[in-house]
Number of protein chains: 2
Amino acid sequence: MLPYNIHHVAIAVHDLDETLATLKDQYTVEPMSRETVSEQGVEEAMIALGGSHLQILQPTDPDTPVGRFLARHGEGMHHVAFAVVDIEEALAHLAAHGATLIDETPRIGGGGHRIAFVHPRSMGGTLVELVEVHDG
Amino acid sequence: MLPYNIHHVAIAVHDLDETLATLKDQYTVEPMSRETVSEQGVEEAMIALGGSHLQILQPTDPDTPVGRFLARHGEGMHHVAFAVVDIEEALAHLAAHGATLIDETPRIGGGGHRIAFVHPRSMGGTLVELVEVHDG
């Protein structure tokens, strides 16, 4: 299995523009990309930070997973993503070791990467995303 | 200012041993260090992952910040930590740009690093820790 990096930490917010302006002012960081991922119902910005990224998520609609997260919890960290080389192998390993998979098979996420989510009940109440990345 | 890396993502849990066993089974990762940081009321384990770390936190007592977090929210992501070269300069920059500092001056955290926390209301409902690290 062996995830080889923390690919990103995702933060769910109400207003992507406002949060990006705050991040620029306070931390002098700016996004390297921004896109709408319709299948997940989010507009997302990726900020490179060392070998990892901050991902800022704004729901496209209240009736989406991130929209419902915001309604329940308010703004805050939403998930952590681990980079893996072979996502099918990773999913098989996780399932064989008792993890509850949200996605039994990979789907396409931001940046065109193959991704899959693992349920928070599987480890430390934390929603985990796997991201298949071959170039680090 | 410019944080230059995500130093770690911290996850608060009830049972550090159990979570470390799960992480070993499911993700084949193991801690590189484990220590009790009395001032913060936590026992913490650090797992290196690429250029960043997962930090797993168990409170030493229910009446600690992490103990109260667990009582309110249950297990889950507690904070994200950014590596900075000069923590005084970073705190001054954050204060000058409207951030609410929890620690006006640095204190000593895990690994002997100088650290400071920034209030979640400052950015995306997310508790941010600054960690002064000179060797990357």
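Look up: the structure comes first, before these words.
To keep things clear, this report deals only with the structure shown in the data block. Numbering of residues starts from 1 in each chain and follows the order in which that chain's sequence is written. Labels follow written order: the first chain is A, the first ligand is 1, and so on. Local features are withheld for residues below a pLDDT of 70 in this predicted model, meaning they are given only at 70 or higher, and side-chain atom pairs are given and counted only at 80 or more; totals for whole chains, interfaces and linings count all residues. As a rule here, side-chain values come from all non-hydrogen atoms in the structure, and water together with hydrogens is ignored.

1. Brief notes about the sheet that holds strand 6 (residues 107-108) of chain A
All names here are of chain A.
Right, so step 1: In this scheme, strands are said to pair when DSSP sees at least two bridges between them. Working definition: helices are DSSP H or I runs of at least four residues, strands are E runs of at least two. Numbering for both runs from the N terminus. Pairing is mixed across the open sheet formed by eight strands, whose spatial order is 2-3-4-1-5-8-7-6. Whereas interior strands pair on both sides, the edge strands pair on one side only; in this sheet they are strand 2 (33-37) and strand 6.
Right, so step 2: Relative to strand 7 (residues 114-118), strand 6 is paired through two bridges, and the arrangement is antiparallel. Each residue of the ladder has a partner; that of Ile-108, found in strand 7, is Arg-114.

2. Some points on the relation of the copies chain B and chain A
Right, so step 1: What sets the superposition is a least-squares fit of C-alpha atoms, and only residues with pLDDT of at least 70 in both copies go into it. Overlaying chain B on chain A yields an RMSD of 0.0 Å, the required transformation being a rotation through 180° with an accompanying axial translation of 0.0 Å. This pairing of chains is accounted for by a two-fold axis. Taking the C-alpha atom as reference, chain B places B:Gly51 closest to the rotation axis, 2.9 Å from it.
Right, so step 2: Contacts were defined at the residue level, with two residues in contact if any of their heavy atoms lie within 4.5 Å. Of all interface residues in chain B, 100% are interface residues in chain A too; the two copies therefore contact each other through one and the same surface.

3. Focus: the nonpolar core
Right, so step 1: Counting 59 residues, the largest nonpolar core has A:Tyr27, A:Leu130 and B:Leu130 as the members making the most contacts within it.
Right, so step 2: The contact partners of A:Tyr27, leaving out residues within four places of it in the chain, are A:Thr22, B:Met1, B:Leu2, B:Pro3, B:Phe82, B:Leu94, B:Val118, B:Val128 and B:Leu130. Nonpolar cores are built from buried Ala, Val, Leu, Ile, Met, Phe, Trp, Tyr and Cys residues. Side-chain atoms within 4.5 Å join them into one set. Each residue is assigned to one of three classes by its accessible area relative to the maximum for its type, calculated with a 1.4 Å probe on protein chains only: buried under 20%, partly exposed between the two thresholds, exposed over 50%.

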